[in-house]
Amino acid sequence: MADPMDPAPQRVEDLEAAARDRLPAPIWDYLSGGSGTEATLTSNRAVLDAYELLPRVLVDVSATDPGCTLLGRELALPVGIAPMAYHRLLHPEGEVATARAAGVAGALLVVSIFASRTVEEIAAAATGPLWLQLYWLHRREELATLMRRAEDSGFEALVLTVDTPRVAVRLRDRRSGFTLPGDVRAVNVSPSVMAASHAHAGDTSAIERHSAQQFDPSLAWPDLAWIRARTGLPLVLKGILTAADAELAVEHGVEAIVVSNHGGRQLDGAVPSIRALPEIAAAVRGRCQVLVDGGIRRGADVFKALALGADAVLIGRPALWGLTAAGADGVAAVLRMLGDELREVMMLAGRPSVANVGPEAVREVPLS
């Protein structure tokens, strides 16, 4: 079999093709698909492309520095890997390979509550910062136990996903009857919590059924106190799309937010993350850090997000394309390409550091 990294990828999308060739159709659709008509999935990318760059010239760009600081930790890149479940669907090493690659790149890894390797295994492989993502489960004791394990393992923050009272209807998964194979499990929570995700039932998605059983849709702002009472780790909210909710997050003492529409996998028709970002950043006014995800594929996308008010971005599917194509080397290639592209954009745009990248560096062109 030919080496999936030969020839070496020149852009992130090269690894998308390699990954698609290696995966069964139901797993590819689970990875790639969105909710409903996939309108938000499409618009995330379209709106990013609608921003033009406004370069400055006669600026000393003999050295460019894309480094940033997130929750007190210095990173080589303003790029992290978003929480995504079940990496072992795509590669035998799963999240351990992803963690190794993130560490090499100096990037953040946010580990899903439904990771297919234990938090202890992931931490042992990591040399960069780790945050743990949580869904709000009916069985609160599962969350408490996992938070303690993560803190003991050196994780540096908790990320509560707040846009998922249940998993939205994803038609690709319904049509395939997507069900997790028996050898890929969410090993950080009890098997009884995950049973529905392994049970096939006709033309429905096991992931959708599982969330309807296990996710608690009563989650509200006062519940954040329950988490605060059980950990000293910083708290990040993922799934903020309005200035009003960003203000409430600040009022509740949240250390960071992720502007996110779940990669187009939750509310179909929701505002593209990059379009929501400027209003949210203006509302926050530096009182907590702001990250954004949704459609990031190029170093220019990272630059645009920084210009519009983000402290960093999270990437999702591209990291999993790399993992599928070549394990840790594939993930590292994705992060390396994004970093190289970002440095080039910073140089050619006359912005030698992240601090120089502001709203004057981009302009939105109305979509036709």
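For clarity, every value in this text was computed on a predicted model and none was experimentally measured.

S.K.: Summarise the sheet that holds strand β10 (residues 289-293); cite the residues concerned and give the values.
M.R.: Within the closed barrel, the 8 strands sit side by side as β4-β5-β6-β7-β8-β9-β10-β11. Their pairing is parallel. Each strand axis lies, on average, 30 degrees off the axis of its neighbour in the sheet, ignoring direction. Here 3 bridges tie strand β5 (residues 108-111) to strand β6 (residues 130-134), and the two strands are oriented parallel to one another. Paired with V110 across the strands is W131, a residue of β6. Sheet strands in contact with helix α12 (residues 273-284) are β8 (235-240), β9 (256-259) and β10, and its direction is about 155 degrees off that of β9.

S.K.: Outline the environment of L335, supporting the account with residue identities and numerical values.
M.R.: Structurally, the position occupied by L335 is in helix α14 (residues 317-348). For L335, a relative accessible area of 1% puts it in the buried group. Spatially, the C-alpha atoms of L335 and R298 are 10.0 Å apart, while their sequence positions differ by 37 residues. Those residues in contact with L335 that lie beyond four places of it in its chain are L77, V79, I81, A101, A102, A105, A107 and I315.

S.K.: Before we move on, could you go through the nonpolar core and cite the residues and values that matter?
M.R.: Within the largest apolar cluster, 114 residues are counted, with the highest numbers of intra-cluster contacts made by Y86, F114 and I257. Sorting elements by how many residues they give to this core places α14 first, with 16 residues. Once you skip the residues sitting within four places of it in the chain, I257 turns out to touch V236, L237, I240, A246, A249, I280, V284, C288, Q289, V290 and L291.

S.K.: Please set out the packing of aromatic side chains residue by residue, giving values where relevant.
M.R.: Counted by the stated rule, this structure contains 6 aromatic pairs. Arranged with centres 5.7 Å apart and planes meeting at 25 degrees, the rings of F114 and Y135 form a pair that is stacked. In this pair, F114 sits in the loop between β5 and α5 (119-125) while Y135 sits in the loop between β6 and α6 (140-152), placing the two residues 21 residues apart along the sequence. Considered together, F114 and Y135 belong to a single accessibility category, that of buried residues. Residues Y135 and F215 carry aromatic rings whose centres are separated by 4.7 Å and whose planes lie at 25 degrees to one another, so their mutual orientation is stacked. With Y135 in the loop between β6 and α6 and F215 in the loop between α9 (206-214) and α10 (224-228), this pair connects stretches of sequence that are 80 residues apart. Three or more aromatic residues link up through ring pairs in this structure, and these residues are Y86, F114, Y135 and F215. A cation over a ring is seen here: R265 above Y30, with NZ or CZ 5.3 Å from the ring centre.

Cut-offs used in this document
Residues numbered from 1 in each chain as written. Predicted model: local features only at pLDDT ≥ 70, side-chain atom pairs only at ≥ 80, totals over all residues. Heavy atoms only, no water. Pairing = 2+ DSSP bridges. Helix = DSSP H or I, 4+ residues; strand = E, 2+ residues; numbered from the N terminus. Axes fitted to C-alpha atoms, helices over the stretch in contact; angles between N-to-C directions. Contact = heavy atoms within 4.5 Å. Buried < 20%, exposed > 50% of the residue type's maximum accessible area, 1.4 Å probe, protein only. Core = buried A, V, L, I, M, F, W, Y, C linked by side-chain atoms within 4.5 Å. Phe/Tyr/Trp six-rings, centres within 6.5 Å; stacked < 30°, edge-to-face > 60°. Lys NZ or Arg CZ within 6 Å of the ring centre and 35° of its normal.

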